[in-house]
Amino acid sequence: MNKRGRFSLSTTQIILLSFIVAIGVGSLLLALPISAADGHAVPYVDALFTATTATCVTGLVTVPTATTWSVFGQIVILILIQIGGLGIITIMSGFMLMLNRKMGIGDRLLLQDAFNLNTMSGLAKFIRNILLGTLIIEGIGALLYMTVFVPSFGARGIWISVFNAVSAFCNAGIDIIGENSLYDYATNPIINIVTSALIIIGGIGYIVWWDVLRVLRGRTPKNRRVFRHLTLHSKIAIVTTLSLIFGGGLFLFIVEYNNPESIGSLSLIDKIQVSLFQSVTTRTAGFASVPQESLTGAGAILSMILMFIGGSPVGTAGGVKTVTVAVLLCSALSTVRNKQSATLFNRAISADSIRKAVAVVATFVCILLSSTVLLSMTTDASSLDVFYEAMSATATVGLSRNVTSGLDSLGKIIIIFTMYFGRVGPISLAVALGSRGKDQNAISDPVEEISIG
(Lines give C-alpha, C1' and ligand atoms only; values in the text may rest on other atoms or scores of the structure.)
Protein backbone atom coordinates (compact mmCIF):
# COMPACT_ATOMS: atom_id res chain seq x y z
CA MET A 1 0.00 0.00 0.00
CA ASN A 2 1.25 3.52 -0.75
CA LYS A 3 0.75 6.62 1.37
CA ARG A 4 -2.66 7.30 -0.25
CA GLY A 5 -3.91 3.86 0.64
CA ARG A 6 -3.73 2.53 -2.92
CA PHE A 7 -2.39 -0.91 -3.61
CA SER A 8 1.02 -0.83 -5.27
CA LEU A 9 3.51 -3.45 -6.39
CA SER A 10 7.24 -3.43 -5.93
CA THR A 11 9.40 -3.52 -9.04
CA THR A 12 10.33 -7.14 -8.41
CA GLN A 13 6.68 -8.12 -8.00
CA ILE A 14 5.87 -6.48 -11.33
CA ILE A 15 8.57 -8.59 -12.99
CA LEU A 16 7.18 -11.77 -11.44
CA LEU A 17 3.65 -10.82 -12.52
CA SER A 18 4.82 -10.13 -16.07
CA PHE A 19 5.92 -13.75 -16.41
CA ILE A 20 2.53 -14.93 -15.13
CA VAL A 21 0.73 -12.73 -17.68
CA ALA A 22 2.91 -14.05 -20.53
CA ILE A 23 2.30 -17.65 -19.45
CA GLY A 24 -1.45 -17.05 -19.11
CA VAL A 25 -1.85 -15.40 -22.53
CA GLY A 26 0.43 -17.97 -24.16
CA SER A 27 -1.48 -20.91 -22.67
CA LEU A 28 -4.81 -19.54 -23.94
CA LEU A 29 -3.40 -19.15 -27.45
CA LEU A 30 -1.90 -22.64 -27.39
CA ALA A 31 -5.22 -24.09 -26.21
CA LEU A 32 -6.92 -22.88 -29.42
CA PRO A 33 -7.56 -25.46 -32.17
CA ILE A 34 -5.51 -23.35 -34.61
CA SER A 35 -2.42 -24.02 -32.49
CA ALA A 36 -2.70 -27.80 -32.85
CA ALA A 37 -1.26 -29.62 -35.85
CA ASP A 38 -4.36 -31.81 -36.22
CA GLY A 39 -6.85 -28.99 -35.64
CA HIS A 40 -8.08 -30.44 -32.34
CA ALA A 41 -7.39 -28.36 -29.23
CA VAL A 42 -4.67 -29.70 -26.97
CA PRO A 43 -5.73 -30.31 -23.33
CA TYR A 44 -5.33 -27.07 -21.40
CA VAL A 45 -2.92 -28.54 -18.86
CA ASP A 46 -0.53 -29.40 -21.73
CA ALA A 47 -1.01 -25.94 -23.26
CA LEU A 48 -0.26 -24.37 -19.87
CA PHE A 49 2.78 -26.64 -19.40
CA THR A 50 4.11 -25.72 -22.86
CA ALA A 51 3.54 -21.99 -22.31
CA THR A 52 5.35 -22.21 -18.96
CA THR A 53 8.32 -24.21 -20.25
CA ALA A 54 8.69 -21.75 -23.18
CA THR A 55 8.36 -18.56 -21.12
CA CYS A 56 10.62 -19.94 -18.40
CA VAL A 57 13.04 -21.14 -21.14
CA THR A 58 13.17 -24.58 -19.58
CA GLY A 59 12.54 -27.14 -22.34
CA LEU A 60 10.65 -29.90 -20.56
CA VAL A 61 7.68 -30.92 -22.72
CA THR A 62 4.70 -33.19 -22.16
CA VAL A 63 3.85 -33.38 -25.88
CA PRO A 64 6.26 -33.44 -28.87
CA THR A 65 6.77 -29.87 -30.09
CA ALA A 66 7.42 -30.78 -33.73
CA THR A 67 4.32 -32.93 -34.27
CA THR A 68 1.79 -31.55 -31.76
CA TRP A 69 1.79 -27.87 -32.70
CA SER A 70 0.90 -26.19 -35.97
CA VAL A 71 3.05 -23.42 -37.46
CA PHE A 72 0.90 -20.91 -35.58
CA GLY A 73 1.43 -22.81 -32.32
CA GLN A 74 5.18 -22.99 -32.95
CA ILE A 75 5.29 -19.24 -33.60
CA VAL A 76 3.52 -18.64 -30.28
CA ILE A 77 6.07 -20.89 -28.54
CA LEU A 78 8.98 -19.09 -30.21
CA ILE A 79 7.64 -15.68 -29.14
CA LEU A 80 7.27 -16.94 -25.58
CA ILE A 81 10.84 -18.26 -25.65
CA GLN A 82 12.14 -14.87 -26.82
CA ILE A 83 10.08 -13.08 -24.18
CA GLY A 84 11.30 -15.45 -21.50
CA GLY A 85 14.92 -15.14 -22.54
CA LEU A 86 14.98 -11.36 -22.70
CA GLY A 87 12.15 -10.56 -20.28
CA ILE A 88 8.92 -8.71 -20.96
CA ILE A 89 10.28 -5.55 -19.32
CA THR A 90 13.25 -5.52 -21.70
CA ILE A 91 11.11 -6.00 -24.78
CA MET A 92 8.60 -3.32 -23.71
CA SER A 93 11.47 -0.93 -23.03
CA GLY A 94 12.85 -1.69 -26.47
CA PHE A 95 9.53 -0.72 -28.06
CA MET A 96 9.53 2.49 -26.03
CA LEU A 97 12.99 3.36 -27.34
CA MET A 98 11.91 2.57 -30.91
CA LEU A 99 9.05 5.06 -30.48
CA ASN A 100 11.53 7.63 -29.10
CA ARG A 101 9.82 7.64 -25.73
CA LYS A 102 11.98 8.50 -22.75
CA MET A 103 12.16 6.07 -19.85
CA GLY A 104 10.92 7.40 -16.55
CA ILE A 105 12.36 6.58 -13.15
CA GLY A 106 9.81 3.78 -12.74
CA ASP A 107 10.88 2.17 -16.02
CA ARG A 108 14.52 2.43 -15.01
CA LEU A 109 13.84 0.84 -11.64
CA LEU A 110 12.07 -2.05 -13.37
CA LEU A 111 15.02 -2.60 -15.68
CA GLN A 112 17.49 -2.34 -12.83
CA ASP A 113 15.64 -5.09 -10.96
CA ALA A 114 15.10 -7.18 -14.09
CA PHE A 115 18.84 -7.31 -14.76
CA ASN A 116 19.94 -7.15 -11.13
CA LEU A 117 22.12 -4.11 -11.88
CA ASN A 118 23.77 -1.87 -9.31
CA THR A 119 23.17 1.37 -11.22
CA MET A 120 20.58 3.00 -13.47
CA SER A 121 23.23 4.80 -15.50
CA GLY A 122 23.20 4.12 -19.26
CA LEU A 123 20.15 1.81 -19.15
CA ALA A 124 18.75 3.01 -22.49
CA LYS A 125 22.00 2.20 -24.29
CA PHE A 126 22.22 -1.09 -22.39
CA ILE A 127 18.77 -2.15 -23.66
CA ARG A 128 19.55 -1.12 -27.24
CA ASN A 129 22.76 -3.14 -27.16
CA ILE A 130 21.01 -6.19 -25.73
CA LEU A 131 18.27 -6.19 -28.37
CA LEU A 132 20.64 -5.49 -31.26
CA GLY A 133 23.20 -8.00 -30.04
CA THR A 134 20.52 -10.67 -29.58
CA LEU A 135 19.18 -10.11 -33.10
CA ILE A 136 22.65 -10.31 -34.65
CA ILE A 137 23.74 -13.43 -32.75
CA GLU A 138 20.48 -15.30 -33.34
CA GLY A 139 20.60 -14.30 -37.02
CA ILE A 140 24.15 -15.62 -37.46
CA GLY A 141 23.19 -18.81 -35.63
CA ALA A 142 20.17 -19.33 -37.90
CA LEU A 143 22.27 -18.86 -41.05
CA LEU A 144 24.82 -21.42 -39.84
CA TYR A 145 22.07 -23.87 -38.92
CA MET A 146 20.66 -23.56 -42.44
CA THR A 147 23.80 -25.15 -43.88
CA VAL A 148 22.68 -28.39 -42.23
CA PHE A 149 18.90 -28.16 -41.91
CA VAL A 150 18.02 -26.80 -45.37
CA PRO A 151 19.72 -29.71 -47.21
CA SER A 152 17.94 -32.11 -44.84
CA PHE A 153 14.46 -30.54 -44.65
CA GLY A 154 14.25 -28.27 -47.69
CA ALA A 155 12.42 -24.97 -47.22
CA ARG A 156 11.19 -26.08 -43.78
CA GLY A 157 14.83 -26.11 -42.72
CA ILE A 158 14.78 -22.29 -42.70
CA TRP A 159 12.07 -22.23 -40.03
CA ILE A 160 13.80 -24.99 -38.06
CA SER A 161 17.04 -23.00 -38.16
CA VAL A 162 15.41 -19.79 -36.93
CA PHE A 163 13.53 -21.64 -34.17
CA ASN A 164 16.63 -23.51 -33.00
CA ALA A 165 18.80 -20.37 -33.03
CA VAL A 166 16.39 -18.46 -30.78
CA SER A 167 15.84 -21.47 -28.53
CA ALA A 168 19.58 -22.12 -28.15
CA PHE A 169 20.49 -18.49 -27.47
CA CYS A 170 17.71 -18.22 -24.88
CA ASN A 171 18.85 -21.51 -23.32
CA ALA A 172 15.35 -22.96 -23.84
CA GLY A 173 16.24 -26.35 -25.31
CA ILE A 174 12.98 -26.66 -27.28
CA ASP A 175 13.31 -27.76 -30.91
CA ILE A 176 11.01 -28.66 -33.80
CA ILE A 177 13.32 -31.17 -35.50
CA GLY A 178 11.55 -34.25 -34.14
CA GLU A 179 10.89 -36.25 -30.98
CA ASN A 180 14.57 -37.16 -30.49
CA SER A 181 15.92 -33.64 -30.04
CA LEU A 182 19.50 -33.60 -31.41
CA TYR A 183 20.14 -37.36 -31.18
CA ASP A 184 20.56 -37.64 -34.96
CA TYR A 185 23.10 -34.78 -34.93
CA ALA A 186 25.13 -35.91 -31.92
CA THR A 187 28.32 -36.18 -33.97
CA ASN A 188 27.66 -33.31 -36.39
CA PRO A 189 30.39 -30.73 -35.67
CA ILE A 190 28.44 -27.79 -37.13
CA ILE A 191 25.36 -28.45 -34.98
CA ASN A 192 27.51 -29.07 -31.90
CA ILE A 193 29.63 -25.94 -32.34
CA VAL A 194 26.79 -23.57 -33.32
CA THR A 195 24.45 -24.80 -30.58
CA SER A 196 27.16 -24.71 -27.92
CA ALA A 197 28.27 -21.22 -28.98
CA LEU A 198 24.71 -19.86 -28.82
CA ILE A 199 24.15 -21.45 -25.42
CA ILE A 200 27.39 -20.08 -23.99
CA ILE A 201 26.96 -16.57 -25.43
CA GLY A 202 23.40 -16.34 -24.16
CA GLY A 203 24.27 -17.81 -20.77
CA ILE A 204 27.46 -15.86 -20.07
CA GLY A 205 25.47 -12.70 -19.39
CA TYR A 206 25.03 -9.37 -21.15
CA ILE A 207 27.32 -7.59 -18.68
CA VAL A 208 30.22 -9.80 -19.78
CA TRP A 209 29.48 -9.08 -23.46
CA TRP A 210 29.89 -5.36 -23.13
CA ASP A 211 32.77 -5.58 -20.72
CA VAL A 212 34.78 -7.69 -23.18
CA LEU A 213 33.90 -5.33 -26.03
CA ARG A 214 34.88 -2.35 -23.89
CA VAL A 215 38.31 -3.81 -23.22
CA LEU A 216 38.83 -4.88 -26.84
CA ARG A 217 38.02 -1.38 -28.09
CA GLY A 218 40.47 0.19 -25.66
CA ARG A 219 43.27 -2.26 -26.44
CA THR A 220 46.49 -0.82 -27.83
CA PRO A 221 49.44 -2.51 -29.57
CA LYS A 222 51.44 -2.12 -26.36
CA ASN A 223 48.67 -3.42 -24.12
CA ARG A 224 47.09 -6.61 -25.42
CA ARG A 225 46.13 -8.12 -22.06
CA VAL A 226 42.34 -8.24 -22.39
CA PHE A 227 41.60 -10.39 -19.35
CA ARG A 228 43.59 -8.18 -17.01
CA HIS A 229 41.36 -5.16 -17.64
CA LEU A 230 38.02 -6.94 -17.29
CA THR A 231 35.80 -6.29 -14.28
CA LEU A 232 35.82 -8.77 -11.41
CA HIS A 233 32.35 -9.98 -12.39
CA SER A 234 33.48 -10.81 -15.94
CA LYS A 235 36.64 -12.54 -14.75
CA ILE A 236 34.67 -14.79 -12.39
CA ALA A 237 32.00 -15.57 -14.99
CA ILE A 238 34.48 -16.40 -17.76
CA VAL A 239 36.88 -18.49 -15.67
CA THR A 240 34.09 -20.41 -13.95
CA THR A 241 32.28 -21.04 -17.25
CA LEU A 242 35.39 -22.37 -18.98
CA SER A 243 36.29 -24.51 -15.97
CA LEU A 244 32.84 -26.07 -15.91
CA ILE A 245 32.71 -26.70 -19.65
CA PHE A 246 36.08 -28.42 -19.95
CA GLY A 247 36.15 -29.91 -16.46
CA GLY A 248 32.65 -31.28 -16.82
CA GLY A 249 33.37 -32.52 -20.33
CA LEU A 250 36.49 -34.34 -19.17
CA PHE A 251 34.69 -36.04 -16.29
CA LEU A 252 31.77 -37.08 -18.52
CA PHE A 253 34.25 -38.41 -21.08
CA ILE A 254 35.86 -40.57 -18.41
CA VAL A 255 32.73 -41.98 -16.74
CA GLU A 256 30.82 -42.54 -20.01
CA TYR A 257 33.79 -43.75 -22.09
CA ASN A 258 32.80 -47.43 -22.05
CA ASN A 259 29.05 -46.93 -21.79
CA PRO A 260 27.61 -48.27 -25.08
CA GLU A 261 24.26 -46.59 -24.43
CA SER A 262 25.78 -43.11 -24.45
CA ILE A 263 29.21 -42.59 -26.07
CA GLY A 264 30.86 -46.02 -25.74
CA SER A 265 30.39 -46.98 -29.39
CA LEU A 266 31.59 -43.66 -30.82
CA SER A 267 35.03 -42.77 -32.17
CA LEU A 268 37.46 -40.87 -29.93
CA ILE A 269 36.76 -37.52 -31.60
CA ASP A 270 33.01 -38.04 -31.39
CA LYS A 271 33.26 -39.07 -27.74
CA ILE A 272 35.05 -35.80 -27.01
CA GLN A 273 32.53 -33.58 -28.80
CA VAL A 274 29.49 -35.36 -27.33
CA SER A 275 30.98 -35.11 -23.82
CA LEU A 276 31.68 -31.41 -24.26
CA PHE A 277 28.18 -30.82 -25.63
CA GLN A 278 26.62 -32.60 -22.65
CA SER A 279 28.72 -30.43 -20.34
CA VAL A 280 27.44 -27.29 -22.10
CA THR A 281 23.78 -28.23 -22.50
CA THR A 282 23.29 -29.35 -18.89
CA ARG A 283 24.02 -25.81 -17.72
CA THR A 284 20.38 -24.81 -18.44
CA ALA A 285 20.19 -25.26 -22.24
CA GLY A 286 18.37 -28.61 -22.38
CA PHE A 287 19.18 -29.88 -25.87
CA ALA A 288 19.88 -33.61 -25.72
CA SER A 289 22.31 -35.34 -28.07
CA VAL A 290 22.21 -38.59 -26.06
CA PRO A 291 19.32 -40.11 -24.06
CA GLN A 292 19.66 -38.85 -20.49
CA GLU A 293 18.33 -42.12 -19.08
CA SER A 294 21.28 -43.86 -20.74
CA LEU A 295 23.87 -42.00 -18.66
CA THR A 296 25.67 -43.86 -15.89
CA GLY A 297 24.89 -42.95 -12.29
CA ALA A 298 28.07 -40.87 -12.09
CA GLY A 299 27.27 -39.13 -15.37
CA ALA A 300 23.75 -38.27 -14.18
CA ILE A 301 25.03 -36.90 -10.86
CA LEU A 302 27.62 -34.71 -12.58
CA SER A 303 24.96 -33.47 -14.99
CA MET A 304 22.80 -32.44 -12.03
CA ILE A 305 25.72 -30.58 -10.46
CA LEU A 306 26.17 -28.66 -13.71
CA MET A 307 22.41 -27.97 -13.81
CA PHE A 308 22.54 -26.66 -10.26
CA ILE A 309 25.31 -24.18 -11.11
CA GLY A 310 23.80 -23.08 -14.42
CA GLY A 311 24.93 -20.02 -16.36
CA SER A 312 25.99 -16.52 -15.35
CA PRO A 313 23.97 -13.57 -13.99
CA VAL A 314 22.16 -11.11 -16.28
CA GLY A 315 21.88 -13.65 -19.10
CA THR A 316 19.37 -16.14 -20.46
CA ALA A 317 20.49 -19.10 -18.33
CA GLY A 318 19.11 -20.42 -15.05
CA GLY A 319 20.60 -22.23 -12.06
CA VAL A 320 22.12 -20.52 -9.04
CA LYS A 321 24.69 -18.98 -11.42
CA THR A 322 28.45 -19.32 -11.80
CA VAL A 323 29.31 -16.15 -9.89
CA THR A 324 27.16 -17.25 -6.95
CA VAL A 325 28.97 -20.56 -6.63
CA ALA A 326 32.39 -18.94 -7.05
CA VAL A 327 31.61 -16.40 -4.32
CA LEU A 328 30.42 -19.09 -1.90
CA LEU A 329 33.43 -21.32 -2.52
CA CYS A 330 35.77 -18.35 -2.10
CA SER A 331 34.02 -17.37 1.14
CA ALA A 332 34.23 -20.92 2.49
CA LEU A 333 37.90 -21.17 1.60
CA SER A 334 38.69 -17.85 3.29
CA THR A 335 36.92 -19.05 6.44
CA VAL A 336 38.92 -22.28 6.46
CA ARG A 337 42.11 -20.25 6.06
CA ASN A 338 40.97 -17.91 8.84
CA LYS A 339 41.10 -14.85 6.58
CA GLN A 340 39.19 -11.70 7.39
CA SER A 341 37.73 -11.33 3.88
CA ALA A 342 37.10 -13.42 0.79
CA THR A 343 39.13 -12.41 -2.25
CA LEU A 344 39.11 -13.31 -5.94
CA PHE A 345 41.62 -12.01 -8.49
CA ASN A 346 43.10 -9.76 -5.80
CA ARG A 347 39.73 -8.14 -5.12
CA ALA A 348 37.72 -8.45 -1.91
CA ILE A 349 34.18 -9.81 -2.13
CA SER A 350 31.65 -7.66 -0.29
CA ALA A 351 29.70 -9.13 2.63
CA ASP A 352 26.48 -8.15 0.87
CA SER A 353 27.41 -10.26 -2.17
CA ILE A 354 28.09 -13.24 0.06
CA ARG A 355 24.74 -12.83 1.84
CA LYS A 356 22.92 -12.68 -1.50
CA ALA A 357 24.74 -15.78 -2.69
CA VAL A 358 23.68 -17.67 0.43
CA ALA A 359 20.08 -16.52 -0.03
CA VAL A 360 20.02 -17.62 -3.68
CA VAL A 361 21.36 -21.11 -2.92
CA ALA A 362 19.14 -21.59 0.14
CA THR A 363 15.99 -20.60 -1.74
CA PHE A 364 16.96 -22.73 -4.74
CA VAL A 365 17.49 -25.77 -2.53
CA CYS A 366 14.13 -25.24 -0.81
CA ILE A 367 12.35 -25.15 -4.18
CA LEU A 368 14.28 -28.19 -5.40
CA LEU A 369 13.60 -30.33 -2.34
CA SER A 370 9.92 -29.36 -2.21
CA SER A 371 9.51 -30.24 -5.87
CA THR A 372 11.35 -33.54 -5.43
CA VAL A 373 9.18 -34.65 -2.51
CA LEU A 374 5.92 -33.64 -4.19
CA LEU A 375 6.91 -35.15 -7.53
CA SER A 376 7.92 -38.44 -5.95
CA MET A 377 4.34 -38.76 -4.67
CA THR A 378 2.90 -38.61 -8.19
CA THR A 379 5.17 -40.96 -10.15
CA ASP A 380 6.66 -44.45 -9.87
CA ALA A 381 9.98 -43.35 -11.40
CA SER A 382 13.21 -44.06 -9.53
CA SER A 383 14.52 -41.59 -6.98
CA LEU A 384 17.40 -40.63 -9.30
CA ASP A 385 15.04 -39.93 -12.20
CA VAL A 386 12.68 -37.89 -10.00
CA PHE A 387 15.52 -35.82 -8.56
CA TYR A 388 16.92 -35.32 -12.07
CA GLU A 389 13.53 -34.06 -13.24
CA ALA A 390 13.13 -31.71 -10.28
CA MET A 391 16.67 -30.37 -10.70
CA SER A 392 16.08 -29.82 -14.41
CA ALA A 393 12.85 -27.91 -13.75
CA THR A 394 14.25 -25.81 -10.89
CA ALA A 395 17.38 -24.87 -12.85
CA THR A 396 15.27 -24.36 -16.03
CA VAL A 397 17.35 -26.87 -17.97
CA GLY A 398 14.84 -29.08 -19.77
CA LEU A 399 16.65 -32.43 -19.76
CA SER A 400 14.69 -35.44 -18.56
CA ARG A 401 15.33 -39.11 -17.89
CA ASN A 402 12.07 -39.97 -19.69
CA VAL A 403 9.86 -38.77 -16.81
CA THR A 404 8.08 -35.69 -18.19
CA SER A 405 6.01 -37.53 -20.83
CA GLY A 406 4.63 -39.89 -18.18
CA LEU A 407 3.51 -37.27 -15.65
CA ASP A 408 -0.15 -37.14 -14.60
CA SER A 409 -2.02 -33.83 -14.29
CA LEU A 410 -0.84 -33.26 -10.70
CA GLY A 411 2.75 -34.00 -11.66
CA LYS A 412 2.53 -31.55 -14.56
CA ILE A 413 1.21 -28.82 -12.25
CA ILE A 414 4.07 -29.45 -9.80
CA ILE A 415 6.63 -29.06 -12.59
CA ILE A 416 4.83 -25.94 -13.88
CA PHE A 417 5.23 -24.23 -10.51
CA THR A 418 8.81 -25.48 -10.21
CA MET A 419 9.78 -24.08 -13.61
CA TYR A 420 8.20 -20.73 -12.79
CA PHE A 421 9.88 -20.38 -9.41
CA GLY A 422 13.17 -21.53 -10.91
CA ARG A 423 13.00 -18.97 -13.72
CA VAL A 424 12.00 -15.86 -11.79
CA GLY A 425 15.03 -16.45 -9.63
CA PRO A 426 15.32 -17.52 -5.99
CA ILE A 427 16.47 -14.12 -4.80
CA SER A 428 13.79 -12.24 -6.79
CA LEU A 429 11.14 -14.55 -5.40
CA ALA A 430 12.33 -14.06 -1.84
CA VAL A 431 12.43 -10.28 -2.24
CA ALA A 432 9.00 -10.16 -3.90
CA LEU A 433 7.26 -12.28 -1.27
CA GLY A 434 8.90 -10.57 1.65
CA SER A 435 9.34 -7.05 0.34
CA ARG A 436 8.63 -4.38 2.90
CA GLY A 437 9.80 -0.83 3.21
CA LYS A 438 12.96 -0.45 5.21
CA ASP A 439 12.45 0.86 8.69
CA GLN A 440 15.03 3.60 9.04
CA ASN A 441 14.52 3.69 12.81
CA ALA A 442 14.84 -0.06 13.33
CA ILE A 443 16.95 -1.12 16.28
CA SER A 444 19.42 -3.94 15.74
CA ASP A 445 18.95 -7.05 17.84
CA PRO A 446 21.73 -8.04 20.26
CA VAL A 447 24.39 -10.37 18.88
CA GLU A 448 25.14 -13.73 20.48
CA GLU A 449 27.69 -16.29 19.31
CA ILE A 450 26.52 -19.79 18.31
CA SER A 451 28.34 -23.01 17.37
CA ILE A 452 28.59 -23.88 13.68
CA GLY A 453 29.54 -27.27 12.25
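Described below are features of the structure shown in this document. (Residues numbered from 1 in each chain as written. Predicted model: local features only at pLDDT ≥ 70, side-chain atom pairs only at ≥ 80, totals over all residues. Heavy atoms only, no water.)

1. Focus on the overall build of the chain
Move 1: A tally of helices and strands in the chain yields 18 helices and 2 strands.
Move 2: Residues counted as buried form 52% of the 453 residues belonging to the chain.
Move 3: Here the contacts in the chain between residues at least 6 apart in sequence split such that 69% fall between residues at least 24 apart.
Move 4: Element-wise, carbon and sulfur atoms account for 63% of the exposed surface of the chain, whose accessible area totals about 21900 Å². (Helix = DSSP H or I, 4+ residues; strand = E, 2+ residues; numbered from the N terminus. Buried < 20%, exposed > 50% of the residue type's maximum accessible area, 1.4 Å probe, protein only. Contact = heavy atoms within 4.5 Å. Areas by Shrake-Rupley, 256 points an atom, 1.4 Å probe, with all protein chains shown as cover.)

2. Side note on the pattern of salt bridges
Move 1: The final tally for this structure, using the stated rule, is 5 salt bridges.
Move 2: Between Lys412 and Asp46 there is a salt bridge whose closest N-O contact spans 2.8 Å. With Lys412 in helix H17 (residues 409–424) and Asp46 in helix H2 (residues 44–55), the pair connects residues that are 366 residues apart, well separated along the chain.
Move 3: Taking the shortest distance from any N to any O, the salt bridge between Asp211 and Arg214 comes out at 2.5 Å. One end of the pair, Asp211, and the other, Arg214, are both in helix H10 (residues 206–217), 3 residues apart, so they sit about a helical turn from each other.
Move 4: On the basis of relative accessible area, Asp211 is assigned to the buried category, the value being 5%.
Move 5: Judged by relative accessible area, Arg214 falls into the partly exposed class, the value being 43%.
Move 6: What emerges from the salt-bridge pattern is a single network uniting Asp352, Arg355 and Lys356. (Salt bridge = Lys/Arg side-chain N within 4 Å of Asp/Glu carboxyl O.)

3. A word on the packing of helix H7 (residues 123–153) against helix H9 (residues 189–204)
Move 1: Interaxial distance between H7 and H9 falls to 10 Å at its minimum, and their mutual angle equals 165°. On the basis of their axis angle, the class for H7 and H9 is roughly antiparallel. For the pair H7 and H9, the sense of crossing is left-handed. Along its contact with H7, which presents Ile137, Gly141, Leu144, Tyr145, Thr147, Val148 and Phe149, the element H9 presents Ile190, Ile191, Val194, Thr195, Leu198 and Ile201.
Move 2: Residue classes in the contact of H7 with H9 are distributed as 10 nonpolar, 3 polar and no charged. (Axes fitted to C-alpha atoms, helices over the stretch in contact; angles between N-to-C directions. Parallel < 35°, antiparallel > 145°, perpendicular 65-115°, else oblique. Left-handed = near helix turned anticlockwise from the far one by under 90°. Nonpolar A, V, L, I, M, F, W, Y, C, P; charged D, E, K, R; others polar.)

4. Details of the nonpolar core
Move 1: Counting 83 residues, the largest nonpolar core has Ile77, Ile81, Tyr145, Phe149, Leu198, Tyr206 and Ile415 as the members making the most contacts within it.
Move 2: In terms of residue count, the dominant contributor to this core is H7 (8 residues).
Move 3: Beyond its immediate sequence surroundings of up to four residues, Tyr145 is in contact with Ser161, Asn164, Ala165, Ala168, Ile191, Val194, Thr195 and Leu198.
Move 4: Ranked by size, the runner-up nonpolar core spans 27 residues in total, among them Val274, Leu295, Phe364 and Ala395. (Core = buried A, V, L, I, M, F, W, Y, C linked by side-chain atoms within 4.5 Å.)

5. A word on the packing of aromatic side chains
Move 1: For the structure shown, the criterion picks out 12 aromatic pairs.
Move 2: Between Phe169 and Trp209, the aromatic rings sit 5.9 Å apart at their centres with planes inclined by 55°, giving tilted as the arrangement. Here the residue Phe169 occupies a position in helix H8 (residues 156–169), and Trp209 occupies one in helix H10, the gap between them amounting to 40 residues.
Move 3: Taking the relative accessible area as the measure of exposure, Phe169 reaches 0% and is therefore buried.
Move 4: Their ring planes at 35° and their centres at 6.2 Å tell us that Phe417 and Phe421 sit as a pair that is tilted. On the criterion of helical spacing, the pair formed by Phe417 and Phe421 is a turn pair, its members being 4 residues apart in helix H17.
Move 5: Among the aromatic side chains, those forming a connected cluster through ring pairs are Tyr145, Phe149, Phe153 and Tyr185.
Move 6: Over the ring of Tyr257 we find Lys271; its NZ or CZ atom is 3.5 Å from the centre of that ring.
Move 7: Over the ring of Tyr388 we find Arg401; its NZ or CZ atom is 5.8 Å from the centre of that ring. (Phe/Tyr/Trp six-rings, centres within 6.5 Å; stacked < 30°, edge-to-face > 60°. Lys NZ or Arg CZ within 6 Å of the ring centre and 35° of its normal.)

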